[in-house]
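Residue-level structure breakdown
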Amino acid sequence: MKPTDIHQPDYFHKVVDCQWACPAHTPVPEYIRLIAAGRYSDAYMVNWESNVFPGVLGRTCDRPCEPACRRGRVEENNGEKPEPVAICRLKRVAADYKDDITERLPKAPAQKNGKRVALIGAGPASLTVARDLAPLGYDVTVFDGDKQAGGMIRTQIPKFRLPESVIDEEVNYILNIGVNFRGGQHIDSLKQVVSEKYDAVFVGTGAPRGRDLELPGRKEAAKNIHIGIDWLNSVSFGHIEKIGKRVIVLGGGNTAMDCCRSSKRLGGDDVKVIVRSGFEEMKASPWEKEDAQHEGIPILNFLVPKSFTHDQGKLTGMLFEKVKAEYDAKGRRNLVPTGEPDQHFECDDVLVAVGQENAFPWIERDIGIEFDKWGMPVVDKVTMQSTIPNVFFGGDSAFGPKNIIWAVAHGHEAAISIDKLCNGEDVKDRPAPMVNLQSQKMGIHEWSYDNAISNDQRYKVPLKDQKIALKNIKVEVELGFDPKLALAEAERCLNCDAQTVFSEKLCIECDACVDICPMDCITFTDNGDEKELRTRLKAPADNLTQDVYVSTTLKTGRIMAKDEDVCLHCGLCAERCPTGAWDMQKFLLQMTYAGPGCRNKPQRKAA
């Protein structure tokens, strides 16, 4: 293998699994250390810089960081599946216990830069674009059909998961930077917006249309059959305050979980979720399914809906076919009937939450925007640019339904593109992040970070008493960590951004680091092909998604090979090394956002 080039920006970034997995690349270990130190406001600002909505995401994020967490690979948990650090819930701690941070937020400059930007939709993607561009002097106007900004954050997430006060606070942080918000102004023509000579237009309208099920009985019993996201929207704005006693929710995603839990609070005594797939295949996050089951809501699997039953137009129930999963030679799943009798479930209302679709009837097809065969706009996945150079898309409106943190990431990228476009630069020329490595050495055996490995297992977030929580749809269920629990959970973090950096020139090949490493992840051996080398390390490096750190050839002709996958970043190798060949160096990655840092320096023309 070739020696590892640790100066490549992505090398150590990938070792910080949580930050690498986060679409917005939030520096997770950094803010967790700040929480452990009681510096909640600083932790909040670290989050706000990258993910924009710490209080919202600390309650609702889909948590792509947590499955990636190294703790879930190295912890012993009495035979049970190891649990990652509660990264998401620690984010909420920063939001819950921060001081007033308004003076730390950017301000709109007194002098505008002369560029006008229209943002259609006031969801997380558009608000991120506004947050990034308004402080640069752009005249930013956000349009939304709803009177309040927030988009799906406000309309589709139940208040028992995300209180209105949290939404108001974090949305207003952005609007108060000098953003023009045109609430209650529905846009029904993109051609009209483009004709108003904005320098750039961003479309962040989400995926506002829920899929329907056209089954026998659908039209006849339509009064008590509701589209899930529309129903949640109506509940959010107080237009719906009750539901029937017996409720069936169709679908296995997070929207279905929100529907069933909301139904339980609006009068549903017998609420059940019915899904055509298996339990493990459901798209809902594991914790969302757990929360529903904790509230006494059964999830019935492998049932395919066949029809709505009714009595002269009054819904009486649904008929389902029992199926099972079979796999072909290529591993593709097929649902086949079991041959069992169809199952009928009585109900008063049905909530259909089987998926969401984009709806672009307001985008004329003759203005230059290309659409693919699925009716989605053709959008560059890096620049977020459409086939009209100054029209950009982001969030669910760009690539279909995902989650808030992806919308934020799209917003950051679109803001960079808009800034470069407005400054006459190539939007495809993307700025590199700032990367830095700094030694954490304070003494021979002392580091500037806490490198003691906690053996504690993941702490549970306290919940509101169910008797109270299920009576009021606006009572927040999760209470969040208090400072004591937050500290205990923060101490589970392995500080993966404190990297083990090796200096070949100082190594005397005494193997002291090999002897002391608790994970057997350091090996001194002959070089070889990567596939073969991975098998003969002290502990075989089986996870191909993480690199093997390989040194240059040492004096004996051997190389040092370190498996980055299971390293605890405990620093014992550096403490034990008699020559200082190992050092613990904090890796800092700062993404470059819209502004002077994302632009190229002007070059003189050749004479």
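The structure this text deals with has already been given above.
In this text, all values refer to a predicted model and were calculated from it rather than measured experimentally. (Residues numbered from 1 in each chain as written. Predicted model: local features only at pLDDT ≥ 70, side-chain atom pairs only at ≥ 80, totals over all residues. Heavy atoms only, no water.)

With that out of the way, let us pick up the sheet that holds strand 17 (residues 434–439). Strand order across the open sheet formed by three strands is 17-24-20, with antiparallel pairing between neighbours. Each edge of the open sheet is held by one strand with a lone partner, namely strand 17 and strand 20 (498–502). Averaged over all pairs of adjacent strands, the angle between their axes in this sheet comes to 40°, without regard to strand direction. Inspection of the sheet shows strand 17 paired to strand 24 (residues 582–590) by six bridges, in the antiparallel sense. (Pairing = 2+ DSSP bridges. Helix = DSSP H or I, 4+ residues; strand = E, 2+ residues; numbered from the N terminus. Axes fitted to C-alpha atoms, helices over the stretch in contact; angles between N-to-C directions.)

Scanning the model with the defined rule gives 51 salt bridges in all. A salt bridge links R261 to E295; its shortest N-O distance comes to 2.9 Å. With R261 in helix 14 (residues 254–265) and E295 in the loop between helix 15 (286–294) and strand 9 (299–300), this residue pair connects regions lying 34 residues apart in the sequence. According to the relative accessible area criterion, E295 is buried, its value standing at 4%. Here the salt bridges share partners, and the residues they tie into one network are D17, R70, R73 and D565. (Salt bridge = Lys/Arg side-chain N within 4 Å of Asp/Glu carboxyl O. Buried < 20%, exposed > 50% of the residue type's maximum accessible area, 1.4 Å probe, protein only.)

Now for the pairing of strand 10 (residues 303–311). Bridging between strand 10 and strand 11 (residues 314–327) involves eight bridges; their strand directions are antiparallel. Residue pairing for strand 11: T309 is matched across the bridge by G317. Hairpin connection, strand 10 to strand 11: the antiparallel pair is bridged by two residues, and Q312 has positive phi, about 55°.

In this section: the sheet that holds strand 3 (residues 180–183). Spatially, five strands are ordered 3-2-1-4-16 in an open sheet, and the strand pairing comes out parallel. Bordering the open sheet on either side are strand 3 and strand 16 (391–393), each of which pairs with just one other strand. Sheet twist, expressed as the mean angle between neighbouring strand axes with direction ignored, is 20°. Across four bridges, the pairing between strand 2 (residues 139–144) and strand 3 is parallel. Directly across from F143, in strand 3, lies its bridge partner R182. Taken strand by strand, helix 9 (residues 124–133) contacts strand 1 (116–120), strand 2 and strand 4 (200–203), and its axis lies near 160° from that of strand 1. (Contact = heavy atoms within 4.5 Å.)

In terms of backbone geometry, most residues other than glycine have negative phi values and most peptide bonds are trans. In this model, Q312 sits at a positive phi of 55°, which is unusual for a non-glycine residue. Examined against the element boundaries, Q312 turns out to sit in the loop between strand 10 and strand 11. A relative accessible area of 80% means that Q312 is categorised as exposed. Its identity as a non-glycine residue notwithstanding, H569 has a phi of 55°, on the positive side.

For any two helices packed against each other, one specifies the crossing angle of their axes together with the interaxial distance. Two elements in contact, helix 9 and helix 11 (residues 164–175), have axes separated by 9 Å at closest approach and are oriented at 40°. As summarised for this structure, helix 9 and helix 11 are arranged oblique, according to the angle between their axes. Residues L127, A130 and R131 of helix 9 lie in contact with helix 11, whose contacting residues are V171, I174 and L175. Tallied by class, residues from the contact of helix 9 with helix 11 come to five nonpolar, no polar and one charged. (Parallel < 35°, antiparallel > 145°, perpendicular 65-115°, else oblique. Nonpolar A, V, L, I, M, F, W, Y, C, P; charged D, E, K, R; others polar.)

This next bit is on the packing of helix 3 (residues 28–36) against helix 4 (residues 40–51). Viewed as axis vectors pointing N to C, helix 3 and helix 4 meet at an angle of 165°, and their least axial separation amounts to 8 Å. One finds that helix 3 runs roughly antiparallel with respect to helix 4. Both helix 3 and helix 4 take part in a crossing whose hand is left-handed. On helix 4, the residues that touch Y31, L34 and I35 of helix 3 are Y40, D42, A43, V46 and N47. When its residues are assigned to classes, the contact of helix 3 with helix 4 shows six nonpolar, one polar and one charged. (Left-handed = near helix turned anticlockwise from the far one by under 90°.)

Further remarks concern the packing of aromatic side chains. As enumerated under the stated definition, the model contains 11 aromatic pairs in all. Geometrically, the ring pair formed by F12 and Y549 is edge-to-face, given 6.4 Å between the ring centres and 80° between the ring planes. Remark: Y549 occurs in strand 22 (residues 548–550) and F12 occurs in helix 1 (residues 9–15); sequence separation between them is 537 residues. Taken individually, F12 and Y549 each receive the classification buried, so the pair is uniform in this respect. Plain terms: the ring middles of F502 and W582 are 4.8 Å apart, the flat faces sit at 50° to each other, and that makes the pair tilted. Taken together, the residues span a long stretch of sequence, with F502 in strand 20 and W582 in strand 24 at a distance of 80 residues. Across the pair, exposure class does not vary: F502 and W582 are buried alike. (Phe/Tyr/Trp six-rings, centres within 6.5 Å; stacked < 30°, edge-to-face > 60°.)

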